[in-house]
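# A closer look at the structure
What follows is each chain in one-letter form.
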Protein chains: 2
Amino acid sequence: MARRVKTPPQPHSGLDARKATILEAVVVEHIDTAQPVGSSSVAHNADLAVSPATVRTEMVALEREGYLAQPHTSAGRVPTDKGYRYFVDHLKAGELGLAQQQQIKEFFSHVRGEMEEVLEQTSTLLSHLTSYTSVVVGSAHSRSTILNVQLVNLDAHHHLLVTVFSDGTVTKHSVLAAFEASHVEVTEASRQLNALLIGTTLDAVVQVPSRADTIAKLVRESVSVLHAESPTLEGEQVYIGGSSRVAEVFDGVETVRKVLAILEQELLVVSLVEDILGKGVSVAIGSEHGFEPLSSCAVIVAPVSLDGETIGAVGLLGPTRMKYPEVMAAAEAVSHHLTRHFGGEDERG
Amino acid sequence: MARRVKTPPQPHSGLDARKATILEAVVVEHIDTAQPVGSSSVAHNADLAVSPATVRTEMVALEREGYLAQPHTSAGRVPTDKGYRYFVDHLKAGELGLAQQQQIKEFFSHVRGEMEEVLEQTSTLLSHLTSYTSVVVGSAHSRSTILNVQLVNLDAHHHLLVTVFSDGTVTKHSVLAAFEASHVEVTEASRQLNALLIGTTLDAVVQVPSRADTIAKLVRESVSVLHAESPTLEGEQVYIGGSSRVAEVFDGVETVRKVLAILEQELLVVSLVEDILGKGVSVAIGSEHGFEPLSSCAVIVAPVSLDGETIGAVGLLGPTRMKYPEVMAAAEAVSHHLTRHFGGEDERG
DNA sequence: GTTAGCACTCGGTAAAATCGAGTGCTAACA
DNA sequence: TGTTAGCACTCGATTTTACCGAGTGCTAAC
């Protein structure tokens with residue numbers, strides 16, 4: 001699924017302390033106000049003991065180096081993607097508001113149910129916490145082994161193949177047979193399927209009986225249906241929370257439309273998240289991810305793991321001028337809680 | 001203000017032929033242009049052999065009777081909800097474009113897979129067909145009987161209860177036991193559960209064994225987990241297609257936000273659709289459904305049935321000035337095809 | 001009942017005027 | 001050499017004004 005190479009964060013050259021302070025001040029204020037930031041407010045705001053004029057000369061330099069941009073002459077400065085990147089890279093560990101910590105704790109102490117439900121509710125939680133749109137991805141189970149298979153007959157021709165995997169996921173597949181099969185035959189086929197499949201993974205090839213009787217045909221049909229499962233499509237669940245936030249945090253109908261259109265395509269969302277996914281909390285700003293229609297967005301992703309393996313991810317999507325510290329902290333906190341939730345004392349969905 | 005002779009408000013039925021023609025012309029043009037419609041364009045457009053002045057007098061009457069409204073003096077007229085209602089009620093059977101008929105046929109001849117997937121893809125189809133946001137609801141299965149139950153153990157304490165219903169749906173529930181249970185015990189519990197539950201419905205109470213051994217405890221735990229299932233929440237699937245359309249067809253960020261926020265809440269959507277659901281294609285315009293935040297929307301709903309019973313619905317959501325004829329035709333066509341698809345020759349998900 | 005004629009209304013648009021935040025530059029200063 | 005005050009200048013945003021014209025309601029004639 002993940003195709004593109006991730007661009008490693010540029011090792012930023014210089015930027016002496018004062019330039020860094022100024023850049024940070026610009027980013028912070030612009031995130032807050034959504035307006036271009038002028039030299040005087042920076043001079044006041046940050047505890048630089050310098051005049052606006054000095055700030056201005058520094059800003060010219062920052063602009064030349066690509067950290068800031070000017071919407072037009074005689075306007076304040078606005079951070080570029082590169083500016084945000086610097087800001088994010090030099091962020092000290094974000095702090096999460098007490099209220100939000102409380103909310104997370106509360107949520108995870110009360111939540112219960114299957115993994116699917118937990119993930120779905122988590123996406124709602126995340127969007128409430130951050131007021132951005134959230135994306136929660138539960139990864140595919142193609143590596144899991146089969147714990148149990150059951151062929152259930154609906155009527156003479158229609159059967160349902162229900163498969164339980166070791167990671168707790170369950171799939172069902174219709175098996176439509178051209179021939180009639182009795183209840184007894186289906187039960188026997190079910191038994192044989194279990195003998196064949198238990199312990200194997202989906203992509204493992206199994207030896208199917210070549211006999212021509214009803215039972216063998218049922219078994220063959222079932223196995224082939226199971227193998228036909230597209231490994232990419234199935235099992236990769238996507239839960240999107242707070243899509244209405246898109247209309248709040250982006251301006252411009254066209255942008256809103258584009259972002260919503262992307263969110264509709266779950267496959268795209270999955271690959272986007274997986275591209276960005278790194279070891280800890282990862283951020284893709286503006287054009288850093290390859291998705292042109294999302295060039296005005298920033299995406300924050302944190303992994304969720306079980307037994308050391310990444311089994312999913314939580315993500316947040318907002319404008320490039322999003323509240324990075326809080327949102328990154330929230331993503332990290334939730335990803336931690338989720339990891340503990342699935343790995344730990346509780347049921348494993 | 002000059003007081004005129006009061007004419008008692010006409011009961012809905014009235015509207016002589018000419019008024020009806022004028023109203024229809026206004027509705028059609030306003031749906032097309034989104035602009036207030038003036039008397040002269042109506043006089044031209046509709047094949048009335050009358051002058052704009054006459055149209056104007058009629059419009060005054062239509063306004064007095066509540067079918068039309070004026071955004072402000074010296075602007076054209078705009079249909080009210082009542083106006084749209086009249087239009088819809090007096091619509092002759094809508095005709096569907098050939099291209100769209102083709103698209104539907106194509107879709108249903110190729111689509112396959114479980115009901116869930118079909119419904120999901122249908123929602124995408126609908127939104128493509130109509131360029132509005134679509135809602136597809138698959139109704140709950142609480143009335144179905146249980147065909148098969150399987151208790152699978154993940155490890156000593158975690159088990160998974162997988163239930164197959166006669167309508168082809170499958171549910172899973174985690175069963176977390178405080179005590180250890182062996183593979184053999186779980187298998188036996190599974191067997192007993194099948195004996196107990198096959199053929200019953202979810203809300204039927206079953207006699208559970210009162211013994212204190214591991215197997216009996218597993219059985220009791222499983223049955224209670226199954227009964228704990230909220231009958232409203234489970235099984236009622238909602239698929240929303242083309243939510244990005246919201247940003248296209250509504251104007252005003254606030255409206256977009258509100259509509260998206262509603263769509264996020266699946267329960268609300270289900271109850272909205274079920275409220276509107278009638279025998280054939282039903283329409284709710286503006287404030288006709290009780291949802292205040294959707295007062296600028298119209299919703300079109302058509303039922304999907306299996307064996308004479310309603311098992312779901314397809315819906316379309318757009319602004320009150322939506323293209324009723326086409327959209328109603330599309331909803332009807334798709335609902336028909338779906339009904340046939342599930343009832344007929346194909347697999348039944 | 002219908003229509004032409006007409007004065008009137010009022011939102012929308014465009015041109016003009018104004019404002020002011022913010023800039024870049026220069027010259028003086030530590 | 002780096003910093004700063006001073007200053008002229010820029011240019012988007014806002015307000016003001018003027019104006020157009022689509023569309024109306026009314027009236028008087030057909």
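Residues numbered from 1 in each chain as written. Chains lettered and ligands numbered in written order. Predicted model: local features only at pLDDT ≥ 70, side-chain atom pairs only at ≥ 80, totals over all residues. Heavy atoms only, no water.

## Some thoughts on the nonpolar core
Stated formally: Among buried residues, those of type Ala, Val, Leu, Ile, Met, Phe, Trp, Tyr and Cys that are joined through side-chain atoms within 4.5 Å constitute a nonpolar core. Here the term buried applies to any residue with accessible area under 20% of the maximum for its type, exposed to any over 50%, and partly exposed to those in between, with areas from a 1.4 Å probe on protein chains only. Whether two residues are in contact is decided by their heavy atoms: any pair within 4.5 Å suffices.
Core analysis: the largest hydrophobic core is formed by 163 residues, its most contacted members being Val42 and Tyr324 of chain A together with Val42 and Tyr324 of chain B. Residues in contact with tyrosine 324 of chain A, not counting those within four places in the same chain, are Ile31, Tyr84, Phe87, Val88, Leu91, Val283, Ile285, Ala298, Ile300 and Ala329 of chain A.

## Some points on the sheet that holds strand 4 (residues 146-153) of chain A
Residues and elements named next belong to chain A. Basically, it comes down to this: Each pair of strands is called paired provided DSSP finds at least two bridges between the two strands. A run of H or I in DSSP becomes a helix once it reaches four residues, and a run of E becomes a strand once it reaches two; helices and strands are each numbered from the N terminus. Every axis in this analysis is a line fitted to C-alpha atoms, fitted for helices over the stretch in contact. Angles between the N-to-C directions lie between 0 and 180 degrees.
One open sheet accounts for 3 strands, arranged 4-5-6; its pairing is antiparallel. Among the strands making up the open sheet, the edge pair consists of strand 4 and strand 6 (170-176). Between one strand axis and the next, the sheet turns through 20° on average, direction left out of account. As defined by bridge partners, strand 4 adjoins strand 5 (residues 158-165) across 7 bridges and the pair is classed as antiparallel.

## Here we look at the environment of aspartate 89 of chain B
All names here are of chain B. Structurally, the position occupied by aspartate 89 is in helix 4 (residues 81-89). Judged by its relative accessible area of 44%, aspartate 89 falls in the partly exposed class. Sequence separation between aspartate 89 and valine 283 is 194 residues; the distance between their C-alpha atoms is 9.4 Å.

## A closer look at the domain arrangement of chain A
Going by this rule: Domain delimitation follows an automatic or database domain assignment.
In terms of domain boundaries, chain A breaks down into domain 1 (17-89), domain 2 (98-139 + 236-343) and domain 3 (146-227). Each of domain 1 of chain A and domain 3 of chain A was reduced to a C-alpha centroid, and the two centroids are 64 Å apart.

## Digging into the interface of chain B and chain A
Put simply, the rule reads: In this description, buried area is defined as the sum, over both parts, of the accessible area (probe of 1.4 Å) that is lost when the two are combined. Here a salt bridge means any side-chain nitrogen of Lys or Arg lying within 4 Å of a carboxyl oxygen belonging to Asp or Glu. Two N or O atoms form a polar contact when they lie within 3.5 Å of each other; inside protein one atom must be a possible hydrogen donor and the other a possible acceptor, and for residues adjacent in sequence the pair counts only when both atoms belong to side chains. Side-chain classes are defined by residue name, with Ala, Val, Leu, Ile, Met, Phe, Trp, Tyr, Cys and Pro counting as nonpolar, Asp, Glu, Lys and Arg as charged, and the others, Gly among them, as polar.
Of the residues lining the interface, 39 residues belong to chain B; the matching set on chain A comes to 39 residues. For the chain B face of the interface with chain A, the top three residues by lost area are Glu114, Leu154 and Lys172 of chain B, together amounting to 17%. Inspection of the chain B/chain A interface yields 4 salt bridges. In this structure, the salt-bridge partner of arginine 257 of chain A is glutamate 248 of chain B, at a minimum N-O distance of 3.3 Å. Applying the counting criterion to the chain B and chain A interface returns 12 residue pairs in polar contact (both at pLDDT 80 or more). Elements supplying a minimum of two residues to the side of chain B that touches chain A: helix 6 (115-130), strand 4 (146-153), strand 5 (158-165), strand 6 (170-176), helix 9 (245-249) and helix 10 (253-264) of chain B. For the side of chain B that touches chain A, the leading source of residues is helix 10 of chain B, giving 6 residues. Across the side of chain B that touches chain A, the residue classes break down as 14 nonpolar, 13 polar and 12 charged.

## A short note on the protein's contact with DNA strand C
Which entries qualify depends on this criterion: Nearness is defined per residue: one heavy atom within 4 Å of the molecule or strand is enough.
Close to DNA strand C lie 17 residues, the nearest being Ser39 and Arg56 of chain A together with Arg18, Thr54 and Ser74 of chain B. Of everything in DNA strand C that lies within 4 Å of the protein, sugar and phosphate atoms constitute 77%. Arginine 56 of chain A has a polar side-chain atom sitting 2.8 Å from a base oxygen of DNA strand C. Within the side chain of threonine 54 of chain B, a nitrogen or oxygen atom sits 2.4 Å from a phosphate oxygen of DNA strand C.

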